[in-house]
Amino acid sequence: MEIGLDNTLPTYAGGLGIVAGDTIYSAADQGISMAAVTLLYRKGHFRQTLEADGTQREEPVTWPIENYLKECGPRAQVEIAGRKVTVRAWEYQVKGHGGFVVPVYFLDTDLPENSDVDRGLTDVLYGGDERYRISQEVILGIGGVRVLRAMGYDSIERFHMNEGHAAFLVLELLQERLQATNRTQLQDEDLEAVRKSCVFTTHTPVAAGHDQFPLALAHDVLSRCPLLGREDLCSHEGKCNMTYLALRFSRYVNGVAKKHAEVTRNLFTEYPIDSITNGVHAVRWTSEPFQAVYDRYIPGWRQDHSLLRYAIRLPRRELIDAHEKAKLALLGYVEKCTGSVLKPDVLTLGFGRRATAYKRMNLLFQDMERLRAIAKAETPIQVVFSGKAHPMDGEGKALIRQIHQAKAELNGAIPIVYLPEYNMELGKLLTSGVDIWLNTPQPPLEASGTSGMKAALNGVPSLSILDGWWVEGCIEGVTGWAIGSSSRNYEPTVSNDSRSLYVKLEKKILPLFYENKEHFTDIMAQCIALNGSFFHSQRMIEQYVVKAYYK
Ligand SMILES: *Cc1c(COP(=O)(O)O)cnc(C)c1O
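Residues numbered from 1 in each chain as written. Predicted model: local features only at pLDDT ≥ 70, side-chain atom pairs only at ≥ 80, totals over all residues. Heavy atoms only, no water.

If you tally the helices and strands in the chain, you get 20 helices and 20 strands. Here the chain has a C-alpha radius of gyration of 24 Å; the compact-globule value for 551 residues is 24 Å, and the two agree. Projected onto its principal axes, the C-alpha positions of the chain cover 80 × 50 × 50 Å. Partitioning the intrachain contacts of the chain with sequence separation of at least 6 by distance along the chain shows that 70% fall at a separation of at least 24. Summing over all exposed atoms, the chain offers an accessible surface of approximately 21,600 Å²; the carbon and sulfur share of this is 50%. (Helix = DSSP H or I, 4+ residues; strand = E, 2+ residues; numbered from the N terminus. Rg over C-alpha atoms; globule rule 2.2 N^0.38 Å. Contact = heavy atoms within 4.5 Å. Areas by Shrake-Rupley, 256 points an atom, 1.4 Å probe, with all protein chains shown as cover.)

Below, the structure written as structure tokens:
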């Protein structure tokens with residue numbers, strides 16, 4: 001449903017899309033023959049502006065599509081609520097380091113032959129109502145297969161559904177088999193054949209987060225597709241359920257971290273669910289100063305990200321200098337953007353991600369007195385926040401206002417900055433330019449999380465809740481620090497977690513940062529060597545090839 005390829009293409013909302021983009025970049029690096037399909041989003045996600053009190057304003061982002069994408073000739077048609085809707089595709093070419101190209105097709109229904117309603121169906125990401133959403137998923141899944149076929153992709157070996165959003169492609173593959181043999185009745189071998197060709201990655205650890213639609217709506221939009229109502233195909237407990245559709249028709253299913261796969265197995269007990277832990281593209285997410293250091297000391301790292309293990313031997317002076325450059329770049333941006341002047345020698349915490357309730361952006365501010373006492377004159381801290389709330393997410397928006405209130409309340413005792421318009425460029429600036437990357441989700445709701453991986457590539461340790469990838473990536477005091485504990489009798493409540501956060505800051509991190517720089521710098525090297533060298537998308541795509549695509 002979203003792919004984050006480039007900052008100038010507003011076709012992603014957050015982590016899901018950026019992981020998709022990193023996957024495609026690594027597939028291109030490795031010469032894996034793949035094509036990706038998503039929707040165009042002429043009005044983008046949205047542009048965020050913030051008022052003085054943190055109230056979020058949203059504006060559509062229109063972008064010059066023709067400057068970035070090439071229109072493809074072949075078109076396809078899908079039927080939506082009985083109307084014929086023509087779908088065209090625009091191509092973006094992702095080039096790997098060796099020049100191999102993976103095309104990305106952006107589907108678009110804004111054509112004069114379509115009705116006004118249908119022309120708007122590919123305008124906004126995660127906008128509109130249920131009908132809008134299911135119509136988009138028909139375009140993505142069914143339209144996606146048809147557009148690929150129209151372009152001559154007639155021997156696709158595997159279909160990878162990244163989230164359930166694309167699962168209607170299964171219906172199209174079944175229909176193709178019926179049409180090819182002029183039948184109307186599905187046989188077991190049809191189901192088996194489609195199952196052989198599909199794999200599915202789920203990213204959502206809560207049942208409510210999985211797309212499902214009322215059957216009546218699905219029947220209306222899909223024009224009474226005869227396959228819809230069958231309890232063994234799309235429907236589950238009387239709803240058209242995209243996740244069950246994908247689960248039933250995939251030869252391989254995975255969650256995006258070990259812990260997430262475990263949580264998912266508990267949600268969908270009847271399916272075998274493996275895990276492939278997410279990774280980020282090492283070159284895309286490494287700041288320029290660190291790229292220069294790696295180029296000098298770890299030749300070949302761009303082709304083979306696992307070589308970053310040798311970062312353990314990097315001269316500490318080089319690490320310190322590169323980090324200082326990355327930090328100054330961030331602080332320069334902060335000043336330009338907000339007028340706030342942050343100090344380069346003060347411990348800087350960073351927090352950037354979607355502003356939504358479970359991410360608990362305000363965990364740091366649970367006990368203001370305690371926080372003030374920790375950030376005393378000898379051990380000052382400053383914090384940089386960023387993140388957009390979904391336009392319909394009232395709680396997310398309230399969190400942004402709370403950060404602004406905390407900022408006012410602390411009145412400079414702890415300088416706080418909230419940078420508007422979190423995007424990929426800012427994500428890179430932030431994850432590389434702070435000293436500690438903070439992550440405070442409510443377990444077990446973080447499927448993976450990836451921004452801490454970006455930080456690790458830049459020698460920035462995480463202070464994070466033990467959830468998602470951090471369960472695997474955290475070696476206490478070596479690659480960063482855990483908030484809370486994974487022991488059975490620890491309850492991850494807001495008050496327990498915030499207390500743990502304060503203890504780690506006060507007792508572990510601040511003393512190291514201000515009194516034992518040498519040890520702190522070792523931790524930076526360990527982040528790169530242990531986590532940067534593993535939590536990257538090259539390792540991830542290789543696991544997909546071996547476990548999912550060609551097993
Ligand atoms: C990396 C990134 C994300 C995802 O971060 P998480 O830690 O996985 O939530 C979201 N938005 C942007 C702009 C990013 O760069």
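The discussion continues.
Let us now look at the nonpolar core. In this structure, Leu347, Leu364, Phe365, Ile381, Phe385, Leu463 and Leu505 are the most contacted members of the largest nonpolar core, which totals 69 residues. Excluding residues that lie within four positions of it along the chain, isoleucine 381 makes contacts with Val346, Leu347, Leu349, Leu371, Ala375, Ile414, Pro415, Leu505 and Leu510. Counting 64 residues, the second largest nonpolar core, distinct from the first, contains Ala13, Leu121, Val194 and Val221. (Core = buried A, V, L, I, M, F, W, Y, C linked by side-chain atoms within 4.5 Å. Buried < 20%, exposed > 50% of the residue type's maximum accessible area, 1.4 Å probe, protein only.)

So, on to the site of the ligand. If you check the shell around the ligand, you find 14 residues, and the closest are Ile18, Lys359, Thr450, Ser451 and Lys454. Within the complex, the protein chains bury 94% of what would otherwise be the 390 Å² of accessible surface of the ligand. By residue class, the composition of the shell around the ligand is 4 nonpolar, 7 polar and 3 charged. (Near = heavy atom within 4 Å. Nonpolar A, V, L, I, M, F, W, Y, C, P; charged D, E, K, R; others polar.)

Okay, the sheet that holds strand S15 (residues 347–352) next. Pairing in this open sheet of 6 strands is parallel, and the strands run S17-S16-S15-S18-S19-S20 from one edge to the other. In this open sheet, the two edge strands, each paired with only one partner strand, are strand S17 (416–419) and strand S20 (480–483). If you compare each strand with its neighbour and ignore which way they point, the axes differ by 20° on average. Packing against the sheet, helix H15 (residues 424–433) makes contact with S15, strand S16 (381–386), S17 and strand S18 (436–439), and its axis sits at approximately 160° to S16. (Pairing = 2+ DSSP bridges. Axes fitted to C-alpha atoms, helices over the stretch in contact; angles between N-to-C directions.)

Take the sheet that holds strand S8 (residues 159–162) next. Within the open sheet, the 4 strands sit side by side as S8-S9-S13-S14. Their pairing is parallel. Each edge of the open sheet is held by one strand with a lone partner, namely S8 and strand S14 (274–275). Pairing geometry for S8 and strand S9 (residues 198–201), over 4 bridges, is parallel. Considered in S9, the bridge of asparagine 162 is made with threonine 201.

Turning our attention to the domain arrangement of the chain. By the assigned domains, the chain splits into domain 1 (15–279 + 542–549) and domain 2 (289–534). Distance between the C-alpha centres of domain 1 and domain 2: 32 Å. Domain 1 puts 29 residues into the contact, and the matching count from domain 2 is 30 residues. Roughly 2,400 Å² of surface becomes buried between domain 1 and domain 2 when both sides are summed, with 60% attributable to carbon and sulfur atoms. Salt-bridge contacts for aspartate 467 lead to lysine 259; the nearest nitrogen and oxygen are separated by 2.8 Å. (Domains from an automatic or database assignment. Buried area = accessible area lost by both parts, 1.4 Å probe. Salt bridge = Lys/Arg side-chain N within 4 Å of Asp/Glu carboxyl O.)

What follows concerns the environment of histidine 390. Here histidine 390 is to be found in the loop between S16 and helix H14 (394–410). In this structure, histidine 390 is in contact with Tyr126 and Lys397, ignoring residues within four places of it in sequence. Polar side-chain contacts of histidine 390 include one of 2.8 Å to the backbone oxygen of tyrosine 126. (Polar contact = N/O pair within 3.5 Å; in protein donor to acceptor, adjacent residues only side chain to side chain.)

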